[in-house]
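Here is what each chain is made of, one letter per residue.
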Amino acid sequence: MAGISNFQAFGLDRKSILSENKGFELNLKRNKGFELLHVHAFDQRASARSLRPFQAYDMVQGALVRCSSAMDKSIPDPPTAVLLHGILGGRKNWGSFARRLAQEFPMWQFLLVDLRCHGDSALIKKTPPHSVASAALDVLKLVAQLRVTPRVLLGHSFGGKVALSMVEQAAKPLPRPVRVWVLDATPGKVRPGGDGEDHPAELIAFLSTMPKQVSSKREVVDALVREGFSKDVAQWVVTNLRQSGPPGSSSANFSWVFDLKGIAEMYKSYEDTNLWKIVEDVPSGVHVNFLKAERSLHRWALADLQRIHAAEEQAADEGGGVEMHVLEDAGHWVHADNPDGLFRLISSSFQRFNQ
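Residues numbered from 1 in each chain as written. Predicted model: local features only at pLDDT ≥ 70, side-chain atom pairs only at ≥ 80, totals over all residues. Heavy atoms only, no water.

K.L.:
Can you tell me about the overall build of the protein, naming the residues and giving the values?
P.N.:
Within the protein one finds 12 helices and 12 strands. Looking at the protein as a whole, 56% of its 355 residues qualify as buried. Residue pairs at least 24 apart in sequence account for 75% of intrachain contacts in the protein once pairs closer than 6 positions are excluded. Accessible area for the protein stands at about 16,000 Å²; split by element, carbon and sulfur atoms hold 49% of it. (Helix = DSSP H or I, 4+ residues; strand = E, 2+ residues; numbered from the N terminus. Buried < 20%, exposed > 50% of the residue type's maximum accessible area, 1.4 Å probe, protein only. Contact = heavy atoms within 4.5 Å. Areas by Shrake-Rupley, 256 points an atom, 1.4 Å probe, with all protein chains shown as cover.)

Printed below as a string of structure tokens:
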């Protein structure tokens, strides 16, 4: 697939998608102030009889995003932001936040992706290794297929490292300015929180002991709380359960929508992947923003903070951009704990392209 290694400078050809429906399974929902395109993108190298989906995503579009065509150069490309979830999350985690962004910035469109082994993308067979780099390449292939140019990459936790890896793997310098937001994740080795805090590796290990089908979400929440995980985390985890049987039946009614074995590999990669090089030698046209939650799930080592601040000074001297932010009154799930504060911090990234 040509052009995967750089962000394609084209708008989403929504007219073509709606009229031809080639390579896409599409659902269009219109709501006040935004439109939601719910799509599975298919690998068009497959035959017409055996189209293979390669990524599941939603596209939330502001009210002023016009149907664009790559053939009509008079129509400007809508700026696109890519929103990436963390381990054991899904694209729906960003749904309400993306709709709020679309209402505030109606000229933008927002691409919400289920990373490999997560959500609807877990149904799509992926070639190992299941890693930060592989997940990033999946998203680069998707934006190339859609022919959109990401102006903002916004990733939470594992998704933050995926965003950095996208920049690392894309052609440098990037064809247009890109602002990257890494939410509550460092570029290097991950340090879990202290005693009494939720540890993702332990959570993944415990989930692997649970049955693939359960009779109720409450059953899972109770089991997780008994094991020592917080109720907030337990309730978040059960968003990965999907009803699989008729309500009220005696058979198991819910099943998991993730590939837990693959996710375990991805989390190990997240812990070990080192992307300091991209931060300390920022490509031209890239501005990297790190956001630390005040009550972070992970330990931000003093050395990491000092290294980011040093990169800030170096990037400023060389015309690049690195910034460090702290989001008050927020734990690790920043977009749920303090969505107003997060919205205020990142809004400048969208305002810059509206000027």
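K.L.:
Quick one: what's the story with the confidence of the model for the protein, residue by residue and with numbers?
P.N.:
Predicted confidence across the protein gives a mean pLDDT of 81, with 74% of residues reaching 70 or more. Between residues 42–51, whose pLDDT stays under 50, and residues either more than four places distant or in other chains, the model counts 19 contacts. (pLDDT = per-residue confidence, 0-100.)

K.L.:
Report on the nonpolar core, specifying residues and quantitative values.
P.N.:
L88, V180 and L207 are the most contacted members of the largest nonpolar core, which has 72 residues in total. No other element matches helix α3 (residues 132–146), which puts eight residues into this core. Excluding anything up to four places from it in sequence, L207 contacts L88, L224, V237, W256, F258 and L260. Among the nonpolar cores identified, the runner-up in size contains 25 residues, and A81, W108, F110 and I346 belong to it. (Core = buried A, V, L, I, M, F, W, Y, C linked by side-chain atoms within 4.5 Å.)

K.L.:
How would you sum up the pattern of salt bridges? Please name residues and give values.
P.N.:
As enumerated under the stated definition, the model contains 13 salt bridges in all. Here D120 makes a salt bridge to R242, at a shortest N to O gap of 3.1 Å. Of this pair, D120 sits in the loop between β5 (109–114) and α3 while R242 sits in strand β9 (residues 241–243), and the two are 122 residues apart along the sequence. With a shortest N-O distance of 2.4 Å, K268 and D272 are connected by a salt bridge. Taken as a pair, K268 and D272 lie in helix α8 (residues 260–272) at a separation of four residues, close to a single helical turn. Here the salt bridges do not stand alone but share partners, grouping D58, R91, K92, D114, D120 and R242 into one network. (Salt bridge = Lys/Arg side-chain N within 4 Å of Asp/Glu carboxyl O.)

K.L.:
Explain the environment of Q55 to me, using residue names and the numbers behind them.
P.N.:
Inspection of the secondary structure assignment puts Q55 in strand β3 (residues 52–62). For the pair Q55 and A122, spaced 67 residues apart in sequence, the C-alpha separation works out to 9.1 Å. Reaching out from Q55, the side chain makes a polar contact with the backbone oxygen of D114 at a distance of 3.0 Å. (Polar contact = N/O pair within 3.5 Å; in protein donor to acceptor, adjacent residues only side chain to side chain.)

K.L.:
Tell me about unusual backbone geometry, and name the residues and values.
P.N.:
Here P128 and P129 are connected by a cis peptide whose omega angle stands at 5 degrees. Summarising the element assignment, P129 is placed in the loop between β5 and α3. Positive phi is not limited to glycine here, since R147 has a value of about 55 degrees. Residue placement: R147 occurs in the loop between α3 and β6 (150–156). Not every positive phi belongs to a glycine, and D184 is a case in point at roughly 55 degrees. Tracing the chain through its elements places D184 in the loop between β7 (178–183) and α5 (200–207). Given the relative accessible area of 0%, D184 is considered buried.

K.L.:
Pulling in residues and values, what's your account of the environment of R179?
P.N.:
Its place among the elements puts R179 in strand β7. Each C-alpha atom, one on R179 and one on V286, is 5.8 Å from the other, the two residues being 107 residues apart in sequence. Ignoring any residue separated from it by four or fewer positions in sequence, one finds R179 in contact with R151, V152, L153, H287, N289, E323, S349 and R352. Polar side-chain contacts of R179 include one of 3.3 Å to the side chain of S349.

K.L.:
Describe in detail the sheet that holds strand β10 (residues 254–256), supporting the description with residues and values.
P.N.:
Ordered in space as β8-β10-β9, the three strands form an open sheet in which the pairing is antiparallel. On the outer flanks of this sheet lie β8 (213–214) and β9, each paired with one strand and no other. As judged from the three bridges shared by β9 and β10, these two strands associate in the antiparallel manner. In the strand pairing of β10, Q243 is matched with F254. (Pairing = 2+ DSSP bridges.)

K.L.:
Which residues make up the packing of helix α2 (residues 95–104) against helix α12 (residues 339–351), and what are the values?
P.N.:
Their axes nearest at 11 Å, the elements α2 and α12 cross at an angle of 45 degrees. Judged by the inter-axis angle, α2 sits oblique to α12. The interaxial crossing formed by α2 with α12 has right-handed handedness. Contact residues: F97, R100, L101 and E104 in α2; P339, D340, L342, F343, I346 and F350 in α12. Each residue belonging to the contact of α2 with α12 can be placed in one class, and the counts come to seven nonpolar, no polar and three charged. (Axes fitted to C-alpha atoms, helices over the stretch in contact; angles between N-to-C directions. Parallel < 35°, antiparallel > 145°, perpendicular 65-115°, else oblique. Left-handed = near helix turned anticlockwise from the far one by under 90°. Nonpolar A, V, L, I, M, F, W, Y, C, P; charged D, E, K, R; others polar.)

K.L.:
Tell me what's going on with α3, and back it up with residues and numbers.
P.N.:
Across its 15 residues, α3 extends 21 Å between first and last C-alpha, which sits within 8% of the 21 Å expected from 1.5 Å per residue. The element α3 is extensively covered by neighbouring structure, given that 12 of its 15 residues are classed as buried. Those residues of α3 not exposed but buried are V132, S134, A135, A136, D138, V139, L140, L142, V143, A144, Q145 and L146. R147 lies just past α3 and shows a positive phi near 55 degrees. (Expected span 1.5 Å × (residues − 1).)

K.L.:
Tell me about the side chain of R116, and name the residues and values.
P.N.:
Topologically, R116 is positioned in the loop between β5 and α3. For R116, the side chain forms a polar contact with the main-chain oxygen of P129, separated by 3.4 Å. With residues near it in sequence (within four places) discarded, R116 still touches Q55, S121, K126, T127, P129, H130, S134, A135, D138 and M266.

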